[in-house]
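# Topology and contacts: notes
Next come the chains, spelled out residue by residue.
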Amino acid sequence: MKNVEAFENARRRAQALVAKMTVEEAASQLRYDSPAIERLGIPAYNWWNEALHGLARNGISTVFPQAIALAAGFDSELAFEVADITSTETRAKYNAFSRLGDRDIYKGLTMWAPNINIFRDPRWGRGQETYGEDPFLTAELGKAYVKGLQGEGDVMKTAACAKHFAVHSGPEGVRHEFDARVSDFDLEDTYLYAFEELIKQADVEGVMGAYNRVNGEPACASEYLMSKLHEWGFAGYFVSDCWAINDFHTHHLVTSNAVESAAMALNAGCDVNCGCCYVNLLAALRQGLVTEEKIREAAVHLFTTRIKLGMLEESTPFDDIPYSVVACDEHKQKAYEAASKGLVMLKNNGLLPLDREKIKTIAVIGPTAGSVAVLDGNYNGTSDTYHTFLGGIREGFSGRVLYSEGCHLFKDRVSVLAQPDDRLSEAYTVASLSDVVILCLGLDASIEGEEGDTGNEFASGDKPALTLPESQRRLIECVKKAGKPVIAVVAAGSAINTETEFDALIHAWYSGSEGGRALADIIFGKVSPSGKLPVSFYENTDKLPEFTDYSMAGRTYRYIKDNENVLYPFGFGLTYSSVEVTGLSFEGGRANVSFKNTGLRDTQDVIELYLKANDEQCSENYHLCGFARVDTKAGCEGSVSINIPERAMTFVTPGGKRVRAESFTLYASTHQPDPLSCKLNGTEFVSVSVQI
């Protein structure tokens, strides 16, 4: 009740303040770079700030693993802690910079994160920014992240923003004119689930629209999408994606000019324009396309948020957060924990963990070994200290470490004046002189990411295929000829098919500033790997639907038939031990799971719950409905009780209606209940039938 009263008070104050403004002043506040109104004591404010995996684009901060790597941790508490640290560092910088009158971009308190779009297709470059392919996992981690950013007091610590609303996941190259056609079933079943959860369960303060159209309507001015926000009781502010409103007349061609586009967006309910189109609002007012009431209504929404953040107060509970917390050792340790939990071991023939007493020389080879870019991902901050893969291995190993870049990330040579494959002879020599090779491969944001970002050499940031660049494929072939054991470490924000059998394979994602330290501790056995895939890894794209097809049929673990084309399933990831579920019961909305570590090492692992409605209208294989990290000691038993939310015990009918499952089968294991996961993991699952 206290927060409701605080909101109502903030809204009343916002209404009173906006009433004192001229219409010109009110309209100026709907720009992302809103100017000061000195006569009312209102300072300038820039709404645009980023916090995808730490405070971004604002100098030094703690660089956590990219969102997809955080998702691989299957740890809601960790997501909350990462967001809480991010908001702490944001407040620390806001405090320091505001005192100096610096109110530039990326220095405010409105954080345009998290990205809760569904990673439906492995080619999408921005999939790295999401929490994967599953709506439930996305919602659970998204809610935790929002709560960590916003805090629980009457004054918000920072304001989170759920993006991009909705039905948005590529292709990047045509996003400005693309029309995502989607059924009522897929809207309810997949694309809207997490947004509704973040609004209803986490009170997310902001929602950002998308570039594309949805069933013919621009997402930033969609009558249908705005009606869903109203239906869910959304009471925050709505912001356009950056320069998306210009697309109305330049690409979507639903309006004739910028004045009409500005009017269309404002009338639909877009409060603030990231871009320049809202400079035309006064012209739209003069032409009768918008009303003064609409302008003032949007301004009230924005000032309600600013007041809730304490921006117009003499003091807030966060004013004493010192600058010294930024990138402090405690925060870096949390980044290390997140990286350790997110690394996914996909294969191990027994080579790992390496015995440092038996190995004298390690060869570290590959274009991502010494790379900082593969730690950062995109939408990132800058760390004052980076532990690259090469650096981490050198720190963790007392013997000889030989290094070769091996090849360029994607070009056919490293030195411009050299012949193609100019580093292969060095790579082969280094491999030949070693006891074991750690081959560091993958991508970075220069070839995987958002359309328009710096770099993105191919496909506007999307991937044309799931294979590694040709330069790296030639490197693999060369190194394998040396005949030494090879551990492959792949850094990427998405599914990769290395097309090669290695002795061990670790998917490292974009693992943050502490990624190299976490990798080394896993390779040398100080930490057991425990990450799980938040996306399915496919063999190739040939058997996937077209990238532009937004139907979920044949996509993700929920709708793939018989794991056709799947290399490694959603939810899969090995540890250095073996954790088996031994019992399962369901009572009072909770699953009670018993398990045993039948292996020889202590480890963390993730208990995963899946639910299949016993109804002929249910078309999915099953869906994730709960998860919990557990610590297990070798040879010991344990138990955990996992809450299954009411909404997770539902399914969607073909007509798009969500209904409660009156009867369902509940599965528990450390992976999906499918034959491929059981084979790869070497453990089975336990299931029970439940009648509600």
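The sections below set out a description of the structure shown in this document. (Residues numbered from 1 in each chain as written. Predicted model: local features only at pLDDT ≥ 70, side-chain atom pairs only at ≥ 80, totals over all residues. Heavy atoms only, no water.)

### A few points about the sheet that holds strand β21 (residues 637–643)
The strands that make up a sheet are held in pairs by hydrogen bonds between backbone atoms, and each pair lies either parallel or antiparallel. To keep things clear, this is the line we draw: Strand pairing requires that DSSP identify at least two bridges connecting the strands. Runs of E in the DSSP output that reach at least two residues are strands. Runs of H or I that reach at least four are helices, and both are numbered from the N terminus. Geometry is summarised by axes, namely lines fitted to C-alpha atoms with helices restricted to the contacting stretch, and by angles between N-to-C directions that run from 0 to 180 degrees.
The 3 strands lie next to each other as β17-β18-β21, forming an open sheet whose pairing is antiparallel. Strand pairing shows two members of the sheet lacking a second neighbour, β17 (579–587) and β21, which therefore form its edges. Averaged over neighbouring strand pairs, the angle between their axes works out to 20 degrees when direction is ignored. Where β17 and strand β18 (residues 590–597) come together, 8 bridges link them in antiparallel fashion. Of the residues in β18, the one forming a bridge with F586 is A591.

### Considering unusual backbone geometry
Trans peptide bonds make up most of the peptide bonds, and negative phi angles are found at most residues other than glycine. Looking along the chain, the bond that leaves F165 and enters A166 is cis, with omega of -10 degrees. Following G170, the chain continues into P171 via a peptide bond in cis, with omega recorded as 0 degrees. Positionally, P171 belongs in the loop between β3 (161–165) and β4 (179–180). With a phi close to 70 degrees, W243 is a non-glycine residue in the positive phi region. Relative to the helices and strands, W243 resides in the loop between β8 (237–239) and α9 (247–250). At D421, a position not held by glycine, the phi torsion is positive, near 60 degrees. Note that D421 resides in the loop between β11 (400–404) and α16 (424–432).

### Overview of helix α17 (residues 470–480)
Operational definition: Here the term buried applies to any residue with accessible area under 20% of the maximum for its type, exposed to any over 50%, and partly exposed to those in between, with areas from a 1.4 Å probe on protein chains only. What the arc measures is the spread of directions leading from the helix axis to the C-beta atoms.
Those residues of α17 not exposed but buried are S471, Q472, L475, I476, C478 and V479. Take α17 and look down its axis: the buried residues cluster within an arc of 165 degrees, on one side only.

### Digging into the side chain of S577
Quick reminder of the rule: Within 3.5 Å is the distance limit for a polar contact, defined as a pair of N or O atoms, with the added protein rule that one can donate a hydrogen and the other accept it, and that residues adjacent in sequence qualify only through two side-chain atoms. Here, two residues are considered to be in contact whenever any of their heavy atoms come within 4.5 Å of each other.
With respect to the secondary-structure elements, S577 resides in the loop between β16 (566–568) and β17. Given the relative accessible area of 15%, S577 is considered buried. At 3.0 Å, the side chain of S577 forms a polar contact with the backbone oxygen of R601. Among all residues touching S577, those that are not within four sequence positions of it are N597, G599, L600, R601 and T603.

### Structural notes on the state of the cysteines
Note the threshold: Any two cysteine sulfur atoms lying within 2.5 Å of each other are counted as a disulfide.
By the definition in use, this model includes 1 disulfide. Residue pairing for C242: its cysteine sulfur links by disulfide to C274, the two sulfurs lying 2.1 Å apart. When the S-S torsion is 85 degrees, as for the bridge of C242 with C274, the disulfide is right-handed. Residue C242 is found in the loop between β8 and α9, and its partner C274 is found in the loop between α10 (258–268) and α11 (281–286); the two are separated by 32 residues along the sequence. Side by side, C242 and C274 carry an identical accessibility label, which is buried. Free cysteine C407: the closest other cysteine sulfur is in C478, separated by 9.8 Å. Here C625 stays unpaired: no disulfide links it, and the sulfur of C618, its closest cysteine neighbor, is 12 Å away. Among the residues examined, C625 registers a relative accessible area of 0% and is labelled buried.

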